[in-house]
Amino acid sequence: MKLLDGHAVVLAQGKIYVFGGASRVRPIGSDFFAEFDLQTTDWTPLSGLPDTAPLRARHDSPGVRKLLAAWTDKREERVYVMYRMPDHQVAFLVGHEWGDMNGSAIEDCWSWGIKERKWRRERIAGNYPCPRAEMATCYVRSLLCPLRRG
């Protein structure tokens, strides 16, 4: 799988997790999720389909996406992915089966349990960001500090 753009990358427990993104074969985006172990330098596919497999709709894991947000929780027990843009318009222009001239932004949030090795659909509450087609995040633990008063 050769990702070109729009994938999300996070670091947790000494491993790099990569989700989504677009490729020349699948410009609509991807649901492929894998981990790279920094000690062994091995890749392990975790979920989703490689570009060579036909796409299918799923409801037990995040769908095809690119240009998404991703981060880990403070204890690095879960990897979160939020929002997405399946690029139907680009897929349409190159003749991909899932192509369409109408674009869409999807407003969902999923988390991957690193220990359980499975996806969970998250409920978004409070003042969350409005749905968007293009999004990115950067989580830097060392920049987080407790709010100081006084």
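Report on the accompanying structure. The residue count restarts for each chain, going from 1 along the sequence in the order it is written. Where local features are concerned, this predicted model is filtered to residues with pLDDT of at least 70; where side-chain atom pairs are given and counted, the filter is 80 or more; whole-chain, interface and lining totals use all residues. The side-chain numbers reported here are obtained from all heavy atoms of the structure, hydrogens and water having been left aside.

## With respect to the pairing of strand β3 (residues 33-37)
Consecutive side chains along a regular strand alternate between the two faces of the sheet. Burial status follows relative accessibility: with a 1.4 Å probe on protein chains alone, a residue under 20% of its type maximum counts as buried, one over 50% as exposed, and anything between as partly exposed. Counting from the N terminus, the helices are DSSP H or I runs at least four residues long and the strands are E runs at least two residues long. Burial analysis of β3 places 5 of its 5 residues in the buried class, which makes it a mostly covered element. Burial along β3 is two-sided: Phe33, Glu35 and Asp37 and Ala34 and Phe36, pointing in opposite directions, are all buried. Pairing between strands is defined by DSSP: at least two bridges between the two strands are required. Where strand β2 (residues 15-19) meets β3, 5 bridges bridge the pair, whose relative direction is antiparallel. Looking at the pairing, isoleucine 16 lines up with phenylalanine 36 of β3. Where β3 lies against strand β4 (residues 43-47), 4 bridges are found, and the strand directions are antiparallel. Residue pairing across strands places alanine 34 opposite proline 45, the latter belonging to β4. Connecting the antiparallel pair β3 and β4 is a turn made up of 5 residues, with threonine 41 showing a positive phi of about 60°.

## So, the pattern of salt bridges
Between Lys or Arg on one side and Asp or Glu on the other, a salt bridge is scored when a side-chain nitrogen of the former is within 4 Å of a carboxyl oxygen of the latter. Evaluated as defined, the whole model comprises 6 salt bridges. Two residues, arginine 65 and aspartate 108, come together in a salt bridge whose shortest N-O distance is 3.0 Å. Here aspartate 108 lies in strand β7 (residues 106-113) and arginine 65 lies in the loop between β4 and β5 (69-72), a separation of 43 residues in the sequence. Arginine 65 gets classed as buried once you look at its relative accessible area, which sits at 0%. Linking arginine 120 and glutamate 122 is a salt bridge whose minimum nitrogen-to-oxygen distance equals 2.8 Å. One salt-bridge network, in which partners are shared between bridges, spans Lys15, Glu35 and Arg117.

## Some details on the packing of aromatic side chains
Aromatic pairs are defined between Phe, Tyr and Trp rings, using the six-membered ring for Trp, whenever the two ring centres lie within 6.5 Å; interplanar angles under 30 degrees are classed as stacked, those over 60 as edge-to-face, and all others as tilted. Going through the model one piece at a time under the given rule, you end up with 8 aromatic pairs. When the ring of phenylalanine 33 is compared with that of tryptophan 112, the centres are 5.3 Å apart and the planes differ by 70°; the resulting orientation is edge-to-face. One end of the pair, phenylalanine 33, is in strand β3; the other, tryptophan 112, is in strand β7, with 79 residues separating them in the sequence. You can call phenylalanine 33 buried: its relative accessible area is 1%. Geometrically, the ring pair formed by tryptophan 71 and tyrosine 80 is stacked, given 5.5 Å between the ring centres and 5° between the ring planes. Accessibility expressed as a relative area gives 23% for tryptophan 71, which makes it partly exposed. Judged by its relative accessible area of 16%, tyrosine 80 is buried.

## Notes on the sheet that holds strand β1 (residues 8-12)
Sheet strands pair via backbone hydrogen bonds, and the direction of the pair is either parallel or antiparallel. The sheet built from 4 strands is open, its strands ordered β1-β2-β3-β4 with antiparallel pairing. Both outer strands of the open sheet, β1 and β4, are each paired with one neighbouring strand and no more. Recorded for the sheet is a direction-independent mean angle of 25° between the axes of neighbouring strands. Here the axes come from fitting lines to C-alpha atoms, over the contacting stretch only for helices, and the angles between their N-to-C directions go from 0 to 180 degrees.

## Side note on the side chain of aspartate 108
Among the residues examined, aspartate 108 registers a relative accessible area of 6% and is labelled buried. There is a polar contact of 3.1 Å between the side chain of aspartate 108 and the side chain of tryptophan 110. Note on definitions: a residue-residue contact is assigned when non-hydrogen atoms from the two residues lie within 4.5 Å. Beyond its immediate stretch of four places on either side in the chain, aspartate 108 contacts Arg65, Val81, Met82, Tyr83, Arg84, Arg121 and Ile124. Throughout this description, a polar contact denotes any pair of N or O atoms lying within 3.5 Å of each other; where both atoms belong to protein, one of them has to be capable of donating a hydrogen while the other can accept it, and for residues adjacent in sequence the pair is counted only when both atoms sit in side chains.

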